[in-house]
Amino acid sequence: MFEEYKNLWVYIESSNGVAANVGLELLNPTRALADSVNEKLVAIVIDSKDTEALAQTAIKYGADEVIVVEGEEYASYSTDAYTNVLNVLAEKYKPSAIFIGATNRGRDLGPRLAARVKTGLTADCTSLAMDNGNIVWTRPAFGGNLMANILCPEHRPQLGTVRPGVFKKAEPDEHRVGNIIKEDITTPLEMIRTKIVDIVTTVSSDVPNIEEAEILVSGGAGVGGPEGYGVLKELALAMGGSIAASRAAVDAGWIDHAYQVGQTGKTVGPKIYIACGISGAIQHVAGMSSADVIIAINKDPEANIFKVADYGIVGDLFEVVPILTEEIKKRR
Amino acid sequence: MGYILNEESMDIVKLARDFAEKEVKPVCAQYDETGEFPMDLYQKAFDLGFHALEIPEQFGGSGLDYYTCCAVYEEFARIDAGFCTGVAADGLALKTVLMFGNDEQKQYFADYICGGKGNGFAAFALTEPDAGSDAGAGKTVAQKVGDEYVINGRKCFITNAGPAQIYVVFAITDKSKGAKGYSAFIVERDRAGVSVGKEENKMGIRLSNTADVVFDDVHVPADHLIGKEGKGYGYAMSTLDLARPIIGAMAAGIIRRCIEECVAYAKQRVTFGKPIIKHQVNSFKLADMQIKLETTRAAVINCFNQYYAGKPYGEAAAIAKCYGGDSSVECALEAIQILGGYGYSREYPVEKLLRDAKIMQIYEGTNEIQRMVISGYVCR
Amino acid sequence: MDILVCVKQVPDTTEIKINYETNTLIREGVPSIVNPFDAYALEVAVRLKEKHGGTVTVLSMGPDQAKAALKECLSVGADKAYLLSDRAFGGSDTLATSYILASAIHSLGKFDLIMCGKQAIDGDTAQVGPEIAEHLDIPQVTYALDADVTEDGKVIVKKETETGYEMVETQIPALLTVVKTEFEPRMASVKAKIAANRKPIDVITSQDITIDLSRAGLKGSPTKVKKTYTPPMKGDSVVIKEETAKESVDKLISILDEKSII
């Protein structure tokens, strides 16, 4: 039915020639999906510079082929220019699916593109599979209370955005080679109807990227106040990780939103996630359930977090965490 | 159970609940502690029109019936009975004017509450140092001099006395006639000779202001006389009759909170291997509280059923106030007992419920007075 | 300045609990609310109206019960409300929904700004806004924290980014999707509640608008929900509760050691 639609595409989000993690992460699960249907995995690079290097990076992380579009008008992201490029490319090459990171940019671009090519989009996916030539897109709904498996069986290309941090990047293969296709697509300036006139950074640069951390010590309502993060920081330091937070703590103003894990924050996938004084609302769990090991420390033995955790200690975090920190330090 | 209201009224009750939860709840414990007057909080409530519920729409209010007003007061008192008292005290002063004033006076008074003339606060000034339950024994006088009355005297325990910009004042115009010599006046705060005396440092309802008001040769124009000369005592009693079920509604709010706090606590507190709510001694106490809640509400509703049917409602009003007031104190005491040591601690809200509930047996006619009223009907 | 705000009535997902025995959502007794992000969008719209004059219209697609959400909007500053309701719209996915909404907006008249919440808290897709913009062929700015409009029809949007915010300029007509703003949506006044109860809510059906019904409802929806399920919970948690915190930590460390986790 869709014989002319072939190959899986991953959009490699980049700014000023630097790739965001999410695109490279996506090359990992989609590599397996492409192999399962004997199709090529194609990376799409759109930027104003260093596109050759971006393309090489994409290949190292698993792409068979890279389509590159370079131009001054792509220096900063705009809905109109980027939608135009992807639409033109999709019409020409007819991919069977396009995967986009569910970043602010991806969630701006994805639906605009879907409406233009009149196809189905599944947003914010947390798991991907292949069923009879169709991608099975799995995504949380109802604030993470419900998971849905979604198909787009009668339209091509299939579109989806995937949450950053859900998949891990493959080990880069320095010897991998691939084909790089340069496409010359210009978007006339009058077609770009939005203009960024100022960029303001309010998140301080010393805030670690919790999506990348291997160990996270996370605090919630039980932390009691901004000063409560002191003991968590010490544990994080001893373990070589970072602190994080639940929405309750962020909403209370104890810690910056950049640290928030969950449905309205970031999705993280560390090796160890230590949840301290976090009740374990489903919205929080949605952001950390892919951690390899979850350890919970909570006063309330009935707290939901114990249903999610691999290991839990019932107790006051202000008693437990300092002792744990000492024990960890002894071992180093 | 409780009030059966139409959609519009239910929306307003829901709004009151949201306001109480979002605006009052986070700050009431702190104001209870300090005794500071939460002017901003009241202004927020007034901006939304919660003090003008019963003022007819033609005078700038919302024209709601008393069932809806009571359901709103229950929501407020559930969170803080002191705040509710401050809001409801406007209504107390209003009732005299709405029932017995002329249209000009209604508009004039309403403008002070919700027409931008005042700050939204009004007060009802009846009680005097030597005339509480025995309201007829007052000493405040109003002497007619030409086109004016000159008022002299001192009122005490007046809710909203401090912030109010307008008062309804009861004064004797004819000493020889005792209670039949009373008249009611509208008096603005900014008239020469009006001053506010000491503020009471109260056991409970600490978000409300209670103070003395002193009238020292205060001249008011004759058109500030409400109704007729000599009818004031009757006006005061009618006003209180209509206001008493509102105390019942506030008591229902306190009882509801007692139940909520107890249920939440008793579900998670474990003794002898099970949550204490599973111990019959506690679940029966909760059942008794629920009986008192619904009976109080029913008494309030009954009073207004009589009122709207055009029947005498003084007895029903006294029953609603007396039963609700007593029940709220009983329930608050039981709530403390169920929470045990935590109930006695200021960390938990139930000890405040008792302090707030106690006034329900005292103000707007002590429960002894209510029993006099009721026995008067029974024994006649 | 005429603004249209798209709103959705949603279950309050923060109130939803899971029955762990049956692994299903407990939806009974969960209140229906105006999608919180839509409430932020409406507040931004009403503030713009208060500043520049004009009207705010709210539009919702849904069953008759969704009138309650529209009434809520009327009580906090919306001037007019339309409910888009038709059996033919049932089962629409985001593409079909956005097409229906765009068709209705087109039929309702000219608007300077269309506003939507960033996403609905039940579906969490964040797709309908940008898709409407595409159907209407107007520019979009997503993740708006606030917005203003200049005399010459420029729209200045404060757009939230991962590291702060950007000021983005576009021109009317445009579509904005609004995130949690720095200000709280206003509370209705008692009088506004009463007025909202007395205002009519116009119900529009497919008959009232120009629409290609093959693009609406189930048949107009490219995505199909294959199955839904509650996320699996780990059933084998090891919960430690020793006499003292020290003993608990020791036990945890020894387990982690044994499993070579640390």
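Residues numbered from 1 in each chain as written. Chains lettered and ligands numbered in written order. Predicted model: local features only at pLDDT ≥ 70, side-chain atom pairs only at ≥ 80, totals over all residues.

(A) Seen up close, the environment of G262 of chain A. All names here are of chain A. Inspection of the secondary structure assignment puts G262 in the loop between helix 6 (247-251) and strand 16 (272-276). G262 gets classed as buried once you count the C-beta atoms within 10 Å, which come to 27. Each C-alpha atom, one on G262 and one on M288, is 6.8 Å from the other, the two residues being 26 residues apart in sequence. Among residues more than four places away in sequence, those in contact with G262 are S246, R247, Q283, H284, A286 and G287. (Helix = DSSP H or I, 4+ residues; strand = E, 2+ residues; numbered from the N terminus. Buried ≥ 20, exposed ≤ 12 C-beta atoms within 10 Å, placed from the backbone. Contact = placed C-beta atoms within 7 Å.)

(B) Geometry of the interface of chain C and chain A. Listed per partner, the contact involves 62 residues of chain C and 63 residues of chain A. In terms of residues, the side of chain C that touches chain A owes the most to one element, strand 11 (residues 164-171) of chain C, which gives eight residues. In terms of residue class, the side of chain C that touches chain A is built from 28 nonpolar, 20 polar and 14 charged. Here strand 10 (residues 146-151) of chain A runs beside strand 14 (residues 224-229) of chain C; their pairing, made up of five bridges, is antiparallel. Along strand 14 of chain C, the bridge assignment pairs N149 of chain A with K227 of chain C. (Nonpolar A, V, L, I, M, F, W, Y, C, P; charged D, E, K, R; others polar. Pairing = 2+ DSSP bridges.)

(C) Up close: the packing of helix 3 (residues 66-79) of chain B against helix 6 (residues 232-268) of chain B. All names here are of chain B. Closest axis-to-axis distance for the helix 3/helix 6 pair is 7 Å, and the angle between their directions is 45°. As summarised for this structure, helix 3 and helix 6 are arranged oblique, according to the angle between their axes. Read as a crossing pair, helix 3 and helix 6 show a hand that is right-handed. Only P245, I246, A249, M250, A252, G253, I254, R256 and R257 of helix 6 make contact with helix 3, whose side of the interface consists of C70, Y73, E74, E75, F76, A77 and R78. A breakdown of the residues in the contact of helix 3 with helix 6 according to their chemical character gives ten nonpolar, one polar and five charged. (Axes fitted to C-alpha atoms, helices over the stretch in contact; angles between N-to-C directions. Parallel < 35°, antiparallel > 145°, perpendicular 65-115°, else oblique. Left-handed = near helix turned anticlockwise from the far one by under 90°.)

(D) Spatial organisation of helix 2 (residues 67-75) of chain C. Residue and element names in this part refer to chain C. Within helix 2, seven of the nine residues are buried, which leaves the element mostly enclosed by the surrounding structure. Every buried residue of helix 2 is listed here: A69, L70, K71, E72, C73, L74 and S75. Looking one or two residues beyond helix 2, the residue adopting positive phi is G77, at roughly 120°.

(E) Highlighting the sheet that holds strand 1 (residues 2-7) of chain C. Taken in spatial order, the ten strands make up an open sheet running 13(A)-11(C)-10(C)-9(C)-12(C)-8(C)-1(C)-6(C)-7(C)-13(C), and their pairing is mixed. Each end of this open sheet is capped by a strand with a single partner; those strands are strand 13 (195-201) of chain A together with strand 13 (202-204) of chain C. Each strand of the sheet is rotated relative to its neighbour by a mean of 30°, with strand direction disregarded. Sheet topology places strand 1 of chain C next to strand 8 (residues 113-117) of chain C; four bridges connect them, and they run parallel. Bridging from a neighbouring strand, C6 of chain C pairs with C116 of chain C of strand 8 of chain C. Lying over the sheet, helix 3 (residues 94-108) of chain C contacts strand 1, strand 6 (55-61), strand 7 (80-84), strand 8 and strand 13 of chain C, oriented at roughly 145° with respect to strand 6 of chain C. Each of strand 8, strand 9 (140-149) and strand 12 (174-178) of chain C is contacted by helix 4 (residues 128-136) of chain C, which is oriented at about 80° to strand 9 of chain C, the strand it contacts most.

(F) Molecular detail of the domain arrangement of chain A. Residues and elements named next belong to chain A. Here chain A is partitioned into domain 1 (8-191) and domain 2 (215-331). One C-alpha centre belongs to domain 1, the other to domain 2; they are set 33 Å apart. At the interface, nine residues of domain 1 touch ten residues of domain 2. Split by residue class, the side of domain 1 that touches domain 2 holds three nonpolar, four polar and two charged. (Domains from an automatic or database assignment.)

(G) Looking closely at the domain arrangement of chain B. Residue and element names in this part refer to chain B. For chain B, the domain assignment lists domain 1 (7-114), domain 2 (122-231) and domain 3 (233-378). The partner domain 2 presents 22 residues to the 26 residues of domain 1 that form the contact. Within the residue set of the side of domain 1 that touches domain 2, elements represented by two or more residues are helix 1 (7-34), helix 4 (81-100) and helix 5 (103-114). Top contributing element to the side of domain 1 that touches domain 2 by residue count: helix 4, with 13 residues.

(H) Representation of the interface of chain B and chain C. On the chain C side, the residues contacting the twelve residues of chain B number eight residues. Tallied by class, residues from the side of chain B that touches chain C come to six nonpolar, two polar and four charged.

(I) View of the confidence of the model for chain B. Across chain B, the average pLDDT comes to 95, with 100% of residues at or above 70. For this predicted complex, the interface confidence reaches an ipTM of 0.90, while the overall pTM sits at 0.89. (pLDDT = per-residue confidence, 0-100.)

(J) Here's a closer look at the pairing of strand 11 (residues 158-162) of chain A. Residues and elements named next belong to chain A. Within strand 11, five of the five residues are buried, leaving the element largely enclosed by the surrounding structure. Inspection of the sheet shows strand 7 (residues 121-125) paired to strand 11 by three bridges, in the parallel sense. Paired with T122 across the bridge in strand 11 is G160.

(K) Up close: the UniProt feature "domain: Electron transfer flavoprotein alpha/beta-subunit N-terminal" (unreviewed entry) in chain A. Cross-referencing UniProt, the feature "domain: Electron transfer flavoprotein alpha/beta-subunit N-terminal" (unreviewed entry) maps to residues 8-203 of chain A in the present numbering. For the annotated span residues 8-203 of chain A, helix accounts for 28% and strand for 35% of the residues, and the straight-line distance between the end C-alpha atoms is 35 Å. (UniProt positions renumbered as here; feature names shortened; annotations may be inferred.)

(L) Up close: the arrangement of the chains. The interface with the most contacts, out of two pairs of chains in contact, is the one formed by chains A and C. The closest approach of any C-alpha atom in chain A to one in chain B is 10 Å; the two make no contact.

(M) Focus on unusual backbone geometry. Of the consecutive residues R156 of chain A and P157 of chain A, the connecting peptide bond is found in the cis state with omega at -5°. The topology assignment puts P157 of chain A in the loop between strand 10 and strand 11. Geometrically, the link from I172 of chain C to P173 of chain C is a cis peptide bond, its omega value of -5° lying close to zero. Turning to its location among the elements, P173 of chain C is positioned in the loop between strand 11 and strand 12. Of note, D217 of chain B is a non-glycine position whose phi angle comes to about 50°, a positive value. Along the chain, the position of D217 of chain B falls in strand 7 (residues 210-221). For D217 of chain B, a count of 10 C-beta atoms within 10 Å puts it in the exposed group. For F272 of chain B, which is not glycine, the phi torsion reads 50° and is therefore positive. When you line up the elements, F272 of chain B lands in the loop between strand 9 (270-271) and strand 10 (274-275). When the 7 C-beta atoms within 10 Å are taken as the criterion, F272 of chain B is described as exposed.

(N) Summary view of the sheet that holds strand 14 (residues 215-219) of chain A. On the basis of which strands lie adjacent, the open sheet formed by six strands has the order 15(A)-14(A)-16(A)-17(A)-18(A)-15(C) and parallel pairing. The strands lining the two open edges of the sheet, one partner per strand, are strand 15 (242-245) of chain A together with strand 15 (238-240) of chain C. Each adjacent strand pair in this sheet contributes to an overall mean axis angle of 20°, direction not counted. Against the sheet, helix 9 (residues 317-331) of chain A contacts strand 16, strand 17 (293-298) and strand 18 (311-314) of chain A, and its axis sits at roughly 135° relative to strand 17 of chain A.

(O) Inspection of the pairing of strand 5 (residues 182-188) of chain B at higher detail. Residue and element names in this part refer to chain B. The buried fraction of strand 5 is high, at six of seven residues. Note that strand 4 (residues 166-172) and strand 5 share seven bridges and pair antiparallel. The residue of strand 5 that forms the bridge with A171 is S183. Strand direction decides the pairing type here: strand 5 and strand 8 (residues 225-226), joined by two bridges, are antiparallel. Looking across to strand 8, one finds that F185 is bridged to L225.

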